[in-house]
Amino acid sequence: MIEDKLKRSFRIAFVVILLLGLALRLYGITWGLPNELHPYYYHPDEARLIQYMANMHPGSFDFYPDDFAYPTFHVLFVGAILLVLSKLGFIIVAADPLFYAANPGAFAHIILVGRLIGVGFSIASLVMVYLIGKHLYNRKAGIIAMLFMAINPLDVVESHYFTLDAPMIFWMLLCVFASIRIAKEGERVWYLLAGAALGLAGATKYPGLMAGVFIVAGHIFFTRKHKDDFKDLVRSFLSKDILICGIIFIAAFLIGVPYAMLEPGTFIGNFIKTYEISSGADQSFPWFYNIGLASWSYHWNNIPFVYQLTALLPFAFGIMMYLSVLVSFWLMIRYADLRSKVFVMGAFALYLLLIGKWINVFPRYVLFLMPLGALACAIGQRITLKVWRGPAPMVIFWLVIVATFVHTVSLDYKFNDTQDQAYDWIMGNIADDSKIATTLWAPLRYSPLQDREALDNKAMRNDVIVSKRANDPDSQDMTFLALCKGGLCKSFKSYTMYNPAPDWFDKRSPDYVILSSLETDGVDAPHFDKSVDSIRSFYTRFANCNSSYYTVAVFDRPYFLESFYALLDPRLKSLYPSPRIEILRKAQ
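Now for a look at the structure at hand. Note that the structure is predicted; figures quoted are calculated from it, not measured. (Residues numbered from 1 in each chain as written. Predicted model: local features only at pLDDT ≥ 70, side-chain atom pairs only at ≥ 80, totals over all residues. Heavy atoms only, no water.)

**Some points on the overall build of the protein**
For clarity, the cut-off: Secondary structure is summarised from DSSP: a helix means a run of H or I of at least four residues, a strand means a run of E of at least two, and numbering begins at the N terminus for each. Each residue gets one of three labels from its accessible area relative to the maximum for its type: buried under 20%, exposed over 50%, partly exposed in between, using a 1.4 Å probe on protein chains only. Contact definition: two residues touch when any of their heavy atoms are within 4.5 Å. The Shrake-Rupley method, run with a 1.4 Å probe, gives the accessible areas here. Residue values count only the displayed protein chains as cover.
Scanning the protein for helices and strands turns up 25 helices and seven strands. Buried residues in the protein amount to 55% of all 588 residues. For the protein, the share of sequence-separated contacts (at least 6 apart) that also reach a separation of at least 24 residues comes to 76%. Total accessible area on the protein is roughly 25,400 Å²; 65% of this is exposed by carbon and sulfur atoms.

**Description of a nonpolar patch on the surface**
What counts, and what does not: Residues form patches when they are more than 30% accessible in relative terms and have no salt bridge. Like charges link within 9 Å. Nonpolar side chains (Val, Leu, Ile, Met, Phe, Trp, Tyr) link within 5 Å. A side-chain nitrogen of Lys or Arg and a carboxyl oxygen of Asp or Glu constitute a salt bridge if their distance falls within 4 Å.
Judged by side-chain polarity, Val402, Phe405, Val406, Val409, Phe560, Leu561 and Phe564 come together as a nonpolar surface patch covering roughly 510 Å² of accessible area. The leading source of residues in the nonpolar patch is helix H20 (residues 392-412), at four residues. Assignment of secondary structure puts Phe564 in helix H25 (residues 562-568). Here Phe564 falls in the partly exposed class, since its relative accessible area comes to 32%.

**Points about the environment of Leu367**
Assignment of secondary structure puts Leu367 in the loop between helix H18 (338-355) and helix H19 (369-387). Along the sequence, Leu367 and Leu313 sit 54 residues apart, while their C-alpha atoms lie 9.7 Å from each other. With residues near it in sequence (within four places) discarded, Leu367 still touches Leu154, Asp155, Glu158, Asp165, Ala166 and Ile169.

**Regarding the environment of Cys377**
Looking at where Cys377 falls in the secondary structure, it is placed in helix H19. C-alpha of Cys377 to C-alpha of Ala141: the two residues are 236 residues apart in sequence and 8.8 Å apart in space. In this structure Cys377 touches Phe148, Met321, Ser324, Val325 and Ser328, once residues within four positions along its chain are discounted.

**Some details on helix H12 (residues 240-256)**
The criterion, for reference: Expected helix span is computed as 1.5 Å times (number of residues minus one). Arc definition: it is the arc formed by the directions from the helix axis to the C-beta atoms.
In this model, H12 (17 residues) spans 24 Å end to end at C-alpha, consistent with the 24 Å of a helix rising 1.5 Å per residue. Taken residue by residue, H12 has Asp241, Ile242, Cys245, Ala252, Phe253 and Gly256 as its buried positions. Burial along H12 is one-sided: seen end-on, the buried residues are contained in an arc of 100°. For H12, the exposed residues lying more than 90 degrees away from the buried face are Lys240, Leu243 and Ile255.

**Structural notes on the packing of aromatic side chains**
As a reminder of what qualifies: Pairing of aromatic rings covers Phe, Tyr and the six-membered ring of Trp, with a centre-to-centre limit of 6.5 Å; geometry is then stacked below 30 degrees between planes, edge-to-face above 60, and tilted otherwise. For a lysine, the NZ atom is tested; for an arginine, the CZ atom; a charge sits over a ring if that atom is within 6 Å of the ring centre and within 35 degrees of the ring normal.
In total, this model carries 22 aromatic pairs according to the counting rule given. Summarising the aromatic geometry, the rings of Phe177 and Trp190 are spaced 5.8 Å apart at their centres and angled 85° between planes, so their arrangement reads as edge-to-face. Here Phe177, found in helix H8 (residues 165-184), pairs with Trp190, found in helix H9 (residues 188-204); they are 13 residues apart in sequence, far enough to count as distant. The buried category is assigned to Trp190, whose relative accessible area is 14%. Site record: aromatic cluster; members linked through ring pairs are Phe73, Phe77, Phe121, Phe170 and Trp171. Between Arg139 and the ring centre of Phe10, over which it is positioned, the NZ or CZ distance is 5.3 Å.

**Focus: the pattern of salt bridges**
Once the charged atoms of two side chains with opposite charge are near each other, the side chains can pair. By the definition in use, this model includes five salt bridges. Glu46 is paired through a salt bridge with Arg115; the nearest N and O atoms lie 2.7 Å apart. Residue Glu46 is found in helix H2 (residues 44-55), and its partner Arg115 is found in helix H5 (residues 104-136); the two are separated by 69 residues along the sequence. Neither Glu46 nor Arg115 differs from the other in exposure class; each is buried. Between Asp165 and Lys205 there is a salt bridge; the shortest N-O distance is 2.7 Å. Note that Asp165 is positioned in helix H8 and Lys205 in the loop between H9 and helix H10 (212-224), a separation of 40 residues in sequence.

**Quick look at the state of the cysteines**
What counts is decided by this rule: When two cysteine sulfur atoms lie within 2.5 Å, the pair is treated as a disulfide.
Tallying each qualifying case throughout the model produces zero disulfides. Cys175 takes part in no disulfide bond, and the closest cysteine sulfur, belonging to Cys245, lies 7.5 Å away. Under the relative-accessibility criterion, Cys175 is labelled buried at 0%. Overall, Cys245 belongs to the buried group, its relative accessible area being 6%.

**Brief notes about the packing of H8 against H10**
For clarity, the cut-off: Orientation is described by lines fitted to C-alpha atoms, with helices fitted over the stretch in contact, and by angles between N-to-C directions that extend from 0 to 180 degrees. Each angle is binned into one of four classes, with values under 35 degrees roughly parallel, values over 145 roughly antiparallel, values of 65 to 115 roughly perpendicular, and all other values oblique. Any residue outside Ala, Val, Leu, Ile, Met, Phe, Trp, Tyr, Cys, Pro, Asp, Glu, Lys and Arg is labelled polar, Gly included; the first ten of those are nonpolar and the last four are charged.
For the pair H8 and H10, the least separation of the axes is 7 Å and the interaxial angle reads 10°. Considering the angle they form, H8 stands roughly parallel to H10. Within the contact between the two elements, H8 uses Cys175, Val176, Ser179, Ile182, Ala183 and Lys184 and H10 uses Phe214, Ile215, Gly218, His219, Phe221 and Phe222. Residues belonging to the contact of H8 with H10 are distributed by class as follows: eight nonpolar, three polar and one charged.

**Description of unusual backbone geometry**
Its identity is not glycine, yet Asp433 carries a phi of approximately 70°, on the positive side. Mapped onto the fold, Asp433 is located in the loop between helix H21 (418-429) and strand S1 (435-439).

Structure below.
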């Protein structure tokens, strides 16, 4: 009777946690999708995957993506689902990009399908975290690890995008689970599953190949149960099980990345190039040179491992969960078995070691550490209950859960279009034929105002935003900008600010200034000038020029404890989607 009640309680908890994770990942899932206000998408990596699909022609067995920065398995997987949905009439797949320019809603459906598939993989990862926790420790640890993962801030945020990170994490976790079963049982079926999962993890995104160390660890654990001699252990890596695992891995990888076999030279060259860019051997990204200008942490956090340990990981986990991870590691060192230490702590340390010296460490690069941290917290919580009697451990546990949940929800809340809100404000409050000035470097996906001349020249006109260069020799940086919504159109004279000189405002005298920026995010850095003074120079000049302007509207979505995380590193103030848009008006 008691056992039946426990099983029922576990089932209820399992379903509730899944639903909680699903709700957090679905909220804001339509963020930044193409609509009548902006027929483009905000996330740059989504653009890359869409381009991959556009370059392929699977019907004629042409899987050449014209770009080898990413492997192609997930693109092919999503493409197959899109094809099925189009045949069923749920979406429209058109070969002509002009169709989507005129019908942004149809384009939005394609990106939304890609995002929902990512959510599906993220939810499947919750199940894998439960299974891993269950087999590493016990069922309660699995449920707790699943809860920590369900509310993890970084995993929730990255699940909102049509990108490769959430699918890669699922395949890596499947490989980890199969490797743990190898360590426990050594049956061939787990070698097969581990090899297939490793191949698909690497075919989804190259860092997924790091999961191969789990297979090695699992094999060593199982072999040592029966063979103590070191030579026997070495010879065991020539066994039939390892050979089959390797064959399945290669087959799965080549199915997902067929061009690796068809054009091996090009594939290897681009694979190396991708690693060099990420690790900083190729200094092609200005990310670390253009941000964190006024902060004590700018140079400090460029020391290898410092940024990850003192800023990025506290933000990715949430500060309370991060502290819980550190305490849990200490408890595991003292009380956990060797297998848990290797598969959780060892894997965490190895992965961090591999990326610790990378110059370009975007948050998604540490996404695989999130499930490992969740497992550590779960095991640490179970150990704490054994060594520390009384209510304190449960009180601390729920404080960590609540604080992490609040942090995650506040980040979720940022999945709203401040761009669209600013656009509506402009349409409702700025008079027709007004002069508007905007910043130069605000990318299209971050600004409520766009120069659509390039699209107009390609006959991609629509009733959303149309601008034409003005033939005014005294105002070479001016465009005529027409904004339309719901049949209402307004025309403005638009100027672009390029590090304005002191007399810039006197010469142009714009009625409004619109600052659209992620403030310290590298994506928003002025690529025309890689010096570390470029952003500071602009704002200094702007401050000296705009004394006659005052703020009339601000559109921003700060998250929980944003100021605290910004103290750890300024980059953490605005890594996530909705930019801060400020509108200033000229004093009368």
